[in-house]
Amino acid sequence: MSEQGDRRAVGTLIWGFAASHVVHVGTRWKIFDRIGDTERDGAELARELDLPVPSLTRLLRAAAALGLLAEVAPGRFRLTRRGALLRADRSDSLYAFARMLTSSLNTAAWGRLDESVRTGDTAFEDIFGTDFFSQLGTDPELAALFRSGMASATAGVAPELATACDFGRFDTIVDVGGGSGTLLATILAAHPGVRGVLFDTAEGVAGAADVLGPVADRCTIVEGDFFHKVPTGGDAYLLKTIVHDWDDAPATVILTNCRQAIPDHGRLLIADRVLPEAVDPAGSPLPYLMDLHMLVNLGGRERTLADLEQLCARTGFRVVDVHTPPGLDFAIVEAAPALS
Ligand SMILES: C[S@@+](CC[C@H](N)C(=O)[O-])C[C@H]1O[C@@H](n2cnc3c(N)ncnc32)[C@H](O)[C@@H]1O
């Protein structure tokens, strides 16, 4: 890359916060839905939103420069394929995820990244005086945003995860911290002989009955606290983006509770991003940004396979397989009870 190309690449990083704001405002005003499958004049959108034409047009042009819209004639816009991912009305939409990730709940602690790096502490807890999930429990609107953000992010990877390993060999899959059930519903739909248990907090499972509708006759919803107990009765215990939410001490408690529930022939299935031992320059930066996100907001971390093997060994499991769906940052790490 030329010197100028390098300067532009670094400039794009420096301006990353601004791009994030464009996505934040664009999704908040549902610009991507309002344009939908049509072409719209900025002036028309401005009237609809009761906004000044010149400043809205500037926002739309920034979104076009970022590749989310195309300006087909001066002041007239359509969605690009990328912009269409920010429409709220598609099942694999990134709309709710964008709303969640760019909300002040999620961005406040990033302002204290230096503090978290210096101390290793979770900035979120200093700001809000409580941990992320307890804060969600006090704010139904944010909890709903988080649930739908997670559900939409999971919907984007659920088909690949559901086929990444043979879920059909299990009788009952317990989805530990399964949220609104997006992944479990996908897995059960693909395997008509398998039953499921969706386990999460009361806030976590709100809305799950609708998501699980098509497989409701084979799925039970259980509310509870995985730091206290995990339901028995499964032969597979699935944890998708759960272990990464927590540092080693709390993650150990969750896996120990899974170990207590799991039969000797059962399997633990950890679906998380698995970091390589060293950064792959050809890989996506997102797992590393997510790792920092975990540091500042939740106190969790992304892990390497060796980290997960250690965590499993400490909690009475041994890793027996790693399933890596092509094209995803995720892997499913399969572990069996370590029998003495
Ligand atoms: C990052 S989300 C993952 C949700 C789901 N597995 C997915 O990937 O879409 C973490 C989940 O853990 C749940 N959770 C947090 N603390 C919990 C607890 N103490 N007991 C049970 N579930 C909990 C949250 O409600 C949330 O649904």
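Residues numbered from 1 in each chain as written. Predicted model: local features only at pLDDT ≥ 70, side-chain atom pairs only at ≥ 80, totals over all residues. Heavy atoms only, no water.

Each helix and strand counted, the protein has 19 helices and 11 strands in total. Relative to the globule expectation of 20 Å for 340 residues, the C-alpha radius of gyration of the protein, 21 Å, shows essentially globular dimensions. Principal-axis analysis of the C-alpha atoms gives the protein an extent of 70 × 45 × 40 Å. When each of the 340 residues of the protein is scored for burial, the buried share is 46%. Considering only contacts within the protein whose residues lie at least 6 apart along the sequence, 63% involve residues at least 24 apart. Only carbon and sulfur atoms are counted for the fraction: they give 55% of the accessible area of the protein, which is about 16,600 Å². Looking at charge distribution, the protein has the averaged site of its 31 positive side-chain charges lying 6 Å from that of its 45 negative ones. (Helix = DSSP H or I, 4+ residues; strand = E, 2+ residues; numbered from the N terminus. Rg over C-alpha atoms; globule rule 2.2 N^0.38 Å. Buried < 20%, exposed > 50% of the residue type's maximum accessible area, 1.4 Å probe, protein only. Contact = heavy atoms within 4.5 Å. Areas by Shrake-Rupley, 256 points an atom, 1.4 Å probe, with all protein chains shown as cover. Lys, Arg positive; Asp, Glu negative; His and termini not counted. Charge placed at Lys NZ, Arg CZ, Asp CG, Glu CD.)

Positionally, T102 belongs in the loop between α7 (95-101) and α8 (104-107). Separated by 2.7 Å, the side chain of T102 and the backbone oxygen of A98 make a polar contact. The residues contacting T102, other than those within four sequence positions of it, are S20, H24 and T107. (Polar contact = N/O pair within 3.5 Å; in protein donor to acceptor, adjacent residues only side chain to side chain.)

We now examine the site of the ligand. The environment of the ligand is made up of 18 residues, and the closest members are T154, G177, D200, D225 and K240. Here K240 contributes a side-chain N or O atom positioned 2.8 Å from an oxygen atom of the ligand. Between the ligand and T241, the relevant distance is 2.9 Å, taken from an oxygen atom to a side-chain nitrogen or oxygen of the residue. Calculation on the ligand without its partners gives an accessible area of 590 Å², and the protein chains cover 92% of this total. A per-element tally of the shell around the ligand places helix α12 (residues 140-155) first, with 3 residues. (Near = heavy atom within 4 Å.)

What follows is about the packing of aromatic side chains. All chains considered together, the criterion is met by 10 aromatic pairs. Ring centres 5.4 Å apart and planes at 65° place the aromatic pair F124 and F132 in the edge-to-face group. A relative accessible area of 4% places F132 in the buried class. When the centroid spacing of 5.3 Å and the interplanar angle of 70° are considered together, the rings of F132 and F146 count as edge-to-face. On the criterion of sequence distance, the pair formed by F132 in helix α11 (residues 132-138) and F146 in helix α12 is long-range, its members being 14 residues apart. Side by side, F132 and F146 carry an identical accessibility label, which is buried. The ring of F317 has R259 sitting right over it, with the charged end atom 5.9 Å from the ring centre. (Phe/Tyr/Trp six-rings, centres within 6.5 Å; stacked < 30°, edge-to-face > 60°. Lys NZ or Arg CZ within 6 Å of the ring centre and 35° of its normal.)

Let's shift gears to unusual backbone geometry. Most peptide bonds take the trans form, and the phi angle of most residues other than glycine is negative. Backbone geometry at D50 places phi at a positive 60°, although glycine is not the residue there. In this fold, D50 is placed in the loop between α4 (42-49) and α5 (53-65). Since its relative accessible area comes to 70%, D50 is described here as exposed. A positive phi angle, near 45°, is found at T241, a position not held by glycine. Relative to the helices and strands, T241 is located in the loop between β7 (236-240) and α17 (248-261). Taking the relative accessible area as the measure of exposure, T241 reaches 8% and is therefore buried.

Honestly, that's just the spatial picture; any functional story needs more than this.
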